[in-house]
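Reading the structure
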Amino acid sequence: MSAVAVVGLGAMGSRIARRLLDAGHELIVWNRTAAKAAELVELGAALAASPADAARRAEVAITMVANPQALQDVTEGPNGVVAGVDGSTTIIDMSTVGPAAVSRLASVVPEGTGFLDAPVLGSVLEAESGTLHVFVGGPDSLVERWTPLLSELGSPTHVGPLGAGAAAKLVANTTLIGTVTVLGEAIGLAQALGLSRDATFAVLSTTSLGTQAEQRREAIETGEYPPRFALSLARKDADLIAAAAAAAGIDLRVVEAARSWFRDADDAGSGDRDYSAVLARILQSR
Ligand SMILES: NC(=O)c1ccc[n+]([C@@H]2O[C@H](COP(=O)([O-])OP(=O)(O)OC[C@H]3O[C@@H](n4cnc5c(N)ncnc54)[C@H](OP(=O)(O)O)[C@@H]3O)[C@@H](O)[C@H]2O)c1
């Protein structure tokens, strides 16, 4: 068992922390909004005074925050994670922040301190049940050392050197944002061409989006999109994918179109709804 710090106790970080606590690890937590740590502290976690304090008390410091700016805020400066590490600490960033943010953090992690990027695919239910897919980037020996810990959260796949985890996560989310928006456009076209709802879903069931269509039908019809993965975070991911593509010099036209739907839905006030509420925007419904 290890002393594990979890910095960032949002929808995903709080559940990851809970699983590690339940598995018997010593847990040290920090969150910008301290109230979100209360339940874990009641269950036995120690509350750190800052991200640096959390890292100082741990063998491994996991960060799970919203975006690149948040990662910078919790890792850099006198109170950041990096200020609390030494040669015996490993930092594992599990946020979806893209390869550029991982490189930036790598540039300030001191020599000798371990660093892995390990973002996840799967949402709150998978985090609770320990069935996340974890894309891990980093050197073999460090990945091997922390695979048992990451296996408590799901299935780790070592995808390459540091930064490869972040890259893999952007690849995975390219399919996520593309699928939901093309589904919305297909249904929107069916509506515009006068197909009945039943006929629309019967047609979609024969296509590669059949399962997606079936899963989303109730939300489309009720206008209830239970929040799991915030739409504002999906917009952030579309922006990260576009930035990574631009840095690599490639043209992702479908991503740009999907990104514009997420931008519109977020700007229209749906940022806190589930990302699938982009369907409501495309269909001009609730
Ligand atoms: N939800 C999902 O289904 C899902 C699935 C896979 C991957 N992800 C990724 O996992 C990461 C976390 O997602 P989530 O759903 O847990 O998000 P969330 O519920 O919105 O939580 C975001 C966390 O980041 C913290 N944070 C934001 N800005 C900060 C700042 N400037 N300084 C310090 N802390 C800051 C928040 O602190 P406060 O509590 O103080 O706001 C909170 O702890 C994101 O990168 C997301 O894209 C999410």
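The numbering scheme is per chain: residues are counted from 1 as the chain's sequence reads. Per-residue local features of the predicted model are confined to residues with pLDDT of at least 70, and side-chain atom pairs are confined, for both listing and counting, to 80 or more; whole-chain, interface and lining totals are unaffected and use all residues. Side-chain metrics rest on all non-hydrogen atoms present in the structure, leaving aside hydrogens and water.

1. Structural notes on the site of the ligand
- Residues are classed as near a molecule or strand on a simple rule: at least one heavy atom within 4 Å of it. Neighbouring residues of the ligand: 25 residues in total, closest Asn31, Thr33, Lys36, Ser123 and Lys236.
- Between the ligand and Asp73, the relevant distance is 3.0 Å, taken from a nitrogen atom to a side-chain nitrogen or oxygen of the residue.
- Per the convention used, a helix needs a DSSP run of H or I reaching at least four residues, while a strand needs a run of E reaching at least two, with both numbered from the N terminus. Mapped by element, the contributors of at least two residues to the shell around the ligand are α1 (11–22), α4 (68–75) and α11 (231–248).
- Sort the elements by how many residues they give to the shell around the ligand and α4 lands first, with 3 residues.
- Note on residue categories: nonpolar means Ala, Val, Leu, Ile, Met, Phe, Trp, Tyr, Cys or Pro, charged means Asp, Glu, Lys or Arg, and polar means any other residue, Gly included. Grouping the constituent residues of the shell around the ligand by class yields 11 nonpolar, 8 polar and 6 charged.
- As used throughout, domain bounds are those supplied by an automatic or database domain assignment. Among the domains, domain 1 (3–161) and domain 2 (168–282) are the pair contributing at least three residues each to the shell around the ligand. N or O atoms within 3.5 Å of each other form a polar contact, as long as, within protein, one can give a hydrogen and the other can take it, and as long as residues adjacent in sequence are counted only when both atoms are side-chain atoms.

2. A few points about the domain arrangement of the chain
- Per the domain assignment, the segments of the chain are domain 1 (3–161) and domain 2 (168–282).
- Averaged C-alpha coordinates put domain 1 and domain 2 at centres separated by 29 Å.
- Domain 1 puts 15 residues into the contact, and the matching count from domain 2 is 11 residues.
- Between domain 1 and domain 2, roughly 970 Å² of surface is buried when both sides are summed, and carbon and sulfur atoms account for 76% of that area.
- On the domain 1 side of the interface with domain 2, the three residues burying the most area are Thr96, Leu121 and Phe135, jointly 37% of the side's total.
- A pair is scored as a salt bridge if a Lys or Arg side-chain nitrogen falls within 4 Å of a carboxyl oxygen belonging to Asp or Glu. Summed over the shared surface of domain 1 and domain 2, the result is 0 salt bridges.
- On the surface where domain 1 and domain 2 come into contact, there are 3 residue pairs in polar contact (both at pLDDT 80 or more).
- Secondary structure elements with two or more residues in the side of domain 1 that touches domain 2: α5 (98–108), β7 (120–121) and α6 (124–129).
- A class-by-class count of the residues in the side of domain 1 that touches domain 2 yields 11 nonpolar, 4 polar and no charged. Whether two residues are in contact is decided by their heavy atoms: any pair within 4.5 Å suffices. The term buried area means the drop in 1.4 Å probe accessible area that two parts suffer when joined, counted for both and summed.

3. What about the nonpolar core?
- We define a nonpolar core as any set of buried Ala, Val, Leu, Ile, Met, Phe, Trp, Tyr and Cys residues linked to one another through side-chain atoms lying within 4.5 Å. The rule is simple: take the accessible area with a 1.4 Å probe, protein chains only, and divide by the maximum for that residue type; under 20% is buried, over 50% is exposed, in between is partly exposed. Among the nonpolar cores identified, the biggest contains 32 residues, and Ile92 and Met94 are the most heavily contacted of them.
- Among the elements of the structure, β1 (3–7), α1, β2 (26–30), β4 (60–63), α6, β8 (132–137) and α7 (140–151) are those that each provide at least two residues to this core.
- Once you skip the residues sitting within four places of it in the chain, Ile92 turns out to touch Val60, Ala61, Ile62, Thr63, Leu116, Ala118, Trp146 and Leu150.

4. Looking at α4
- Listed in full, the buried residues belonging to α4 are Ala70, Leu71, Val74 and Thr75. For α4, the angular spread of buried residues about the axis comes to 120°, placing them on one side.
- The secondary structure elements touched by the buried residues of α4 are β1, β2, α3 (51–56), β4, β5 (90–93) and α5.
- Where α4 ends, the next residue or the one after it, Gly77, has phi of about 80°, a positive value. Starting at the helix axis, one direction is taken to each C-beta atom, and the arc is that of these directions.

5. Examining the packing of helix α8 (residues 164–192) against helix α12 (residues 253–270)
- To get an axis, fit a line to the C-alpha atoms, keeping to the stretch in contact for a helix; angles then go from 0 to 180 degrees between the N-to-C directions. Close contact between α8 and α12 brings their axes to 9 Å; oriented N to C, the two are set at 75°. If you check the angle between α8 and α12, you find them roughly perpendicular. Contact with α8, carried on its side by Thr174, Ile177, Val180, Thr181 and Glu185, involves Val255, Ala258, Trp261 and Phe262 of α12 and no other residues of that element.
- Taken together, the residues of the contact of α8 with α12 sort by class into 6 nonpolar, 2 polar and 1 charged. Small angles under 35 degrees read as roughly parallel and large ones over 145 as roughly antiparallel, with 65 to 115 read as roughly perpendicular and the rest as oblique.

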